[in-house]
Amino acid sequence: MERDRIIQDLHGQIETLTRLHIQHGLEKTEHFKRKKKSISDFVSEHDIDVRSELDPVSRNLYRRYFD
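Treat the numbers as computed from the prediction; the structure is a model and nothing was measured.

As for the packing of helix 1 (residues 2-22) against helix 4 (residues 56-66)
Relative placement of two packed helices is described by the angle separating their axes and the distance separating the axes. Where helix 1 meets helix 4, the closest approach of the two axes is 10 Å, and the angle between their N-to-C directions is 55°. Taken together, the axes of helix 1 and helix 4 lie oblique to each other. Viewed along their axes, helix 1 and helix 4 form a crossing whose handedness is left-handed. Judged by residue contacts, H11, I14, L17, T18, H21 and I22 of helix 1 engage S58, L61, Y62, R64, Y65 and F66 from helix 4. Among the residues forming the contact of helix 1 with helix 4, the class breakdown is seven nonpolar, four polar and one charged.

Put into structure tokens, the structure is as follows:
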């Protein structure tokens, strides 16, 4: 159950990053860069395999910003 919560948290963070980019056009701001770094650290800290643990939409969004 804990793992599900962690994955849901990551999903929410990716959605926030997407909103900052698409809806608000803030992809070149320092806040966007910090948020992106935070997500990257979160994935590393929790040893998340994004390819197998994220749903297809979140996985595609993650790949858009991190691959």
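Observations regarding the pattern of salt bridges
For the structure shown, the criterion picks out four salt bridges. We note a salt bridge from K37 to D41, for which the minimum N-O separation is 2.9 Å. Linking K37 with D41, this pair stays in helix 2 (residues 30-45), spanning four residues, or about one helical turn. Given a relative accessible area of 36%, D41 falls into the partly exposed group. For the salt bridge of R63 with D67, the shortest nitrogen-to-oxygen distance reads 3.7 Å.

A look at the packing of aromatic side chains
For the structure on display, the rule yields two aromatic pairs. Between F32 and Y65, the ring centres sit 6.0 Å apart and the planes meet at 65°, which makes this aromatic pair edge-to-face. Taken together, the residues span a long stretch of sequence, with F32 in helix 2 and Y65 in helix 4 at a distance of 33 residues. Assessed through its relative accessible area of 9%, Y65 is described here as buried. Relative to F66, the ring of Y62 has its centre 4.5 Å away and its plane inclined at 20°; by these criteria the two rings are stacked. With a gap of four residues between them, Y62 and F66 both fall in helix 4, about one helical turn apart. For F66, a relative accessible area of 21% corresponds to the partly exposed category. Of note, K36 hangs over the ring of F66, and the distance from its end group to the ring centre comes to 5.7 Å.

Quick notes on the rules
- Residues numbered from 1 in each chain as written.
- Predicted model: local features only at pLDDT ≥ 70, side-chain atom pairs only at ≥ 80, totals over all residues.
- Heavy atoms only, no water.
- Axes fitted to C-alpha atoms, helices over the stretch in contact; angles between N-to-C directions.
- Helix = DSSP H or I, 4+ residues; strand = E, 2+ residues; numbered from the N terminus.
- Parallel < 35°, antiparallel > 145°, perpendicular 65-115°, else oblique.
- Left-handed = near helix turned anticlockwise from the far one by under 90°.
- Contact = heavy atoms within 4.5 Å.
- Nonpolar A, V, L, I, M, F, W, Y, C, P; charged D, E, K, R; others polar.
- Salt bridge = Lys/Arg side-chain N within 4 Å of Asp/Glu carboxyl O.
- Buried < 20%, exposed > 50% of the residue type's maximum accessible area, 1.4 Å probe, protein only.
- Phe/Tyr/Trp six-rings, centres within 6.5 Å; stacked < 30°, edge-to-face > 60°.
- Lys NZ or Arg CZ within 6 Å of the ring centre and 35° of its normal.

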